[in-house]
Amino acid sequence: MNKKIVLPLLAVIVLLVAGVAYLAFNLSKQQKANQEMQELANLDKKEMENEYEQFARQYSEMKTQINNDSIVAQLTQEQMRTQQLLEELKQVKASDAREIARLKKELATVRAVLRTYVLEIDSLNRLNENLTAENNRVKGQYAEATRQIEGLNSERASLSQKVAIAAQLDATGISMIPKKKNGKVAKKIKDCKSIEVDFTVAKNVTASNGVRTFYVRITTPSGGVLGGGGTFQYENRNIECSMKKSVEYSGEAITLATYRQVSEFLEAGSYIVSVFADGNMIGSKSFSFK
């Protein structure tokens, strides 16, 4: 064979063999690199799954450390969300870079939220411990002071109570008279233009003498109060009265009459008249009007 043909042909064959060997080497190298990348992706995915599982367990543990229904509900919601993301991660292939990146971003959010709850629960628990200790200390001091006061004042309190009960005034013969514009008794409450309330303060030689103010409070069928008489103290609060009258009380029985003009519409039904003096209700009576 002509050397001019053989030599170039051999050169071409050598070059082809070298090219194939080079390509085979690069392909093997690329396959190895791809395999290593796949292994790293699988390992990264497994680590993410472990973190999601750990966070879900932490939420469950935190719910047992706090007695607050609102926060427990929030922790339960975050735990369910974490478990849902974990299930999504388990269904994703390690080679799905976009989905893995999304779940990794979600994992960072879960981690941040969990850290916030850890700090909040720790703060609440420390505050609760301090409040419990302070509460126990105050309770102890209060109990000791109460025992001392009860021991010193039991007899005096009993005597004071007896005196107060004996000195309390009593209103009897209470009457409520609705009147028309001409002063006559109104047969129907809707025709009432003024109200007269009369009552007798019974004799009480135990009560102290002096000026007494008597307050009359009229409650309507709907539960409202006919106001206009000002306010007075009763059971540590100010309540409204319908009319009032101040007189000199000497301990003897006395009959009083009080009046109130009516400008509002009065409904038919049951009215309650209550009389107060010295911070006590000293009499009450119900009246029905058509």
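Residues numbered from 1 in each chain as written. Predicted model: local features only at pLDDT ≥ 70, side-chain atom pairs only at ≥ 80, totals over all residues. Heavy atoms only, no water.

1. Here's the deal with the overall build of the protein
- Helix and strand counts for the protein stand at 3 helices and 9 strands.
- Across the protein, helices and strands are ordered from the amino to the carboxyl terminus as α-α-α-β-β-β-β-β-β-β-β-β.
- Sorting the 290 residues of the protein into buried and exposed places 28% on the buried side.
- Looking at the protein as shown, the accessible area adds up to about 19,500 Å², and 54% of this sits on carbon and sulfur atoms. (Helix = DSSP H or I, 4+ residues; strand = E, 2+ residues; numbered from the N terminus. Buried < 20%, exposed > 50% of the residue type's maximum accessible area, 1.4 Å probe, protein only. Areas by Shrake-Rupley, 256 points an atom, 1.4 Å probe, with all protein chains shown as cover.)

2. Quick word on the sheet that holds strand S3 (residues 210-219)
- Here we have 4 strands laid out as an open sheet, ordered S6-S3-S8-S9, and antiparallel in their pairing. What marks the edges here is a single partner per strand, and that holds for strand S6 (243-249) and strand S9 (280-289). Each strand of the sheet is rotated relative to its neighbour by a mean of 20°, with strand direction disregarded.
- Pairing geometry for S3 and strand S8 (residues 269-277), over 5 bridges, is antiparallel. (Pairing = 2+ DSSP bridges. Axes fitted to C-alpha atoms, helices over the stretch in contact; angles between N-to-C directions.)

3. Considering the pattern of salt bridges
- One pass over the structure, following the stated rule, counts 7 salt bridges.
- Of the charged contacts, one joins arginine 81 and glutamate 106 as a salt bridge, the two residues approaching to 2.6 Å between their closest N and O atoms. Taken together, the positions of arginine 81 in helix H2 (residues 69-91) and glutamate 106 in helix H3 (residues 97-167) put the pair 25 residues apart, joining distant regions of the chain.
- With a shortest N-O distance of 2.9 Å, glutamate 264 and arginine 260 are connected by a salt bridge.
- Relative accessible area serves as the criterion here: at 31%, glutamate 264 is assigned to the partly exposed category. (Salt bridge = Lys/Arg side-chain N within 4 Å of Asp/Glu carboxyl O.)

4. A look at H2
- Between its terminal C-alpha atoms H2 stretches 33 Å, which fits the 33 Å expected from 23 residues at 1.5 Å a residue.
- Taken together, the buried positions of H2 are occupied by Ile71, Leu75, Glu78, Gln79, Thr82, Leu85, Leu86 and Leu89. (Expected span 1.5 Å × (residues − 1).)

5. Looking at the sheet that holds strand S2 (residues 194-201)
- Taking strand neighbours across the sheet as the criterion, the 3 strands line up as S1-S2-S7 in an open arrangement whose pairing is antiparallel. Since the sheet does not close on itself, it has two edges, and those belong to strand S1 (171-179) and strand S7 (254-261), each with one partner. Adjacent strand axes in the sheet meet at a mean angle of 15° when their direction is disregarded.
- Two strands pair when backbone bridges link them, and S2 and S7 are joined in this way by 8 bridges, in the antiparallel orientation. By the bridge assignment, isoleucine 195 is partnered in S7 with arginine 260.

6. Re unusual backbone geometry
- Of note in this structure, glutamate 235 is not a glycine but carries a positive phi near 55°.
- Position of glutamate 235 relative to the elements: it lies in the loop between strand S4 (231-233) and strand S5 (238-240).
- On the accessibility criterion, glutamate 235 (56% relative accessible area) is exposed.

7. Focus: the packing of aromatic side chains
- Throughout the structure, instances matching the rule amount to 5 aromatic pairs.
- Centre to centre, the rings of phenylalanine 232 and phenylalanine 276 are 5.0 Å apart; their planes meet at 50°, and the pair counts as tilted. You can see phenylalanine 232 sitting in strand S4 and its partner phenylalanine 276 sitting in strand S8, a full 44 residues away along the chain. There is no split in this pair, since phenylalanine 232 and phenylalanine 276 are both buried. (Phe/Tyr/Trp six-rings, centres within 6.5 Å; stacked < 30°, edge-to-face > 60°.)

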